[in-house]
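Residue-level structure breakdown
Given next are the chains, with one letter for each unit.
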Amino acid sequence: MEKSVLVVGKEVPEVKNFAEGMKACGRKVVASGMENLFWNKCSPVSARNLIMHTANGCDGDFDVVLYFDETFAGAKFLNMDVQTCTQVMSEYVLAFQYLTVELLNYFDSHCGKVAFIYSPYSKSVVNVNPVVKAAGSAFVSFAESSASKFSAKNALLQVLVKAEKENAGFEDDGSLARWLCQYFDELDGLKKKPDSKHVCWVKPGSRAKSGLWSF
């Protein structure tokens with residue numbers, strides 16, 4: 001049976017390449033927009049329903065990817081006004097926090113892995129939206145702060161990934177997804193859980209190691 005992976009941060013159709021990369025590694029991606037699944041990012045209840053929908057389709061245990069792609073978000077939000085501030089806050093700050101709170105509750109009694117992926121603006125981008133950039137900084141801070149919460153759960157493993165467009169190990173979402181599946185498999189094979197006292201970010205292409213906080 002395919003391992004299910006809940007992917008948030010990109011939806012249909014933007015999640016297609018990432019989903020195909022994971023499918024090539026024997027994973028089944030669950031994302032908003034697939035099979036009439038809808039996630040209202042402004043609603044904590046909807047976040048809980050998204051997790052329950054994923055769990056019901058895979059006998060309870062699944063992995064999660066929380067993906068913040070600044071270049072992608074910046075292409076959606078070009079303006080700097082009050083409406084943009086509100087939308088970016090809802091979609092890229094509150095939404096991830098609502099979902100993470102529900103995940104912490106869910107993984108009290110289930111096994112799985114969680115990946116926070118942060119992909120900053122490409123260095124070639126000239127018009128950087130400060131609102132999106134601020135949301136990216138909030139995502140990074142929240143991911144690092146959440147690490148200790150997740151690490152306290154013995155049946156859960158997590159990874160923080162910084163996927164820079166200029167990184168040789170990051171060609172596109174498909175290659176990123178294939179590497180992450182390999183990294184997940186390596187985490188599963190570790191005899192010793194990584195040390196939660198050391199927090200760092202890994203780049204695509206890295207290998208999982210025991211004795212280190214696998215970020």
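Now for a look at the structure at hand. Quick caveat: nothing in here was measured; it's all calculated off a predicted structure.

1. As for empty space enclosed by the protein
Within the structure shown, the criterion is met by one cavity of 30 Å³ or more. The computed volume of the largest cavity comes to approximately 30 Å³. In this structure, the largest cavity is lined by Tyr92, Val93, Phe96, Gln97, Ala135, Ala138, Phe139 and Phe142. Secondary structure elements with two or more residues in the lining of the largest cavity: α4 (82–106) and α5 (130–151). Looking at side-chain class alone, the lining of the largest cavity contains seven nonpolar, one polar and no charged residues.

2. Looking at the side chain of Ser32
Within the fold, Ser32 resides in the loop between β2 (27–30) and α2 (44–56). A polar contact is formed between the side chain of Ser32 and the backbone nitrogen of Trp39, at a distance of 3.3 Å. Apart from the residues lying within four places of it in its own chain, the contact partners of Ser32 are Glu11, Val12, Leu37, Phe38 and Trp39.

3. Quick notes on the pairing of strand β4 (residues 112–119)
Summarising burial for β4: eight of the eight residues are buried, a large majority. Burial of the side chains of β4 extends over both faces: Gly112, Val114, Phe116 and Tyr118 are buried on one face and Lys113, Ala115, Ile117 and Ser119 on the other. Bridge count for strand β3 (residues 63–69) against β4 is six bridges, and the pairing is parallel. Across the sheet, Val65 pairs through a bridge with Ala115, a residue of β4. As judged from the seven bridges shared by β4 and strand β5 (residues 156–162), these two strands associate in the parallel manner. Bridge pairing in β5 places Val114 opposite Gln158.

The rules behind the values
Residues numbered from 1 in each chain as written. Predicted model: local features only at pLDDT ≥ 70, side-chain atom pairs only at ≥ 80, totals over all residues. Heavy atoms only, no water. 1 Å grid on protein atoms, 1.4 Å probe; cavity = no way out; pocket = protein on both sides within 12 Å on 5 of 7 lines; lining within 4 Å. Points joined across faces, edges and corners; volume = space filled by probe spheres on them. Helix = DSSP H or I, 4+ residues; strand = E, 2+ residues; numbered from the N terminus. Nonpolar A, V, L, I, M, F, W, Y, C, P; charged D, E, K, R; others polar. Polar contact = N/O pair within 3.5 Å; in protein donor to acceptor, adjacent residues only side chain to side chain. Contact = heavy atoms within 4.5 Å. Buried < 20%, exposed > 50% of the residue type's maximum accessible area, 1.4 Å probe, protein only. Pairing = 2+ DSSP bridges.

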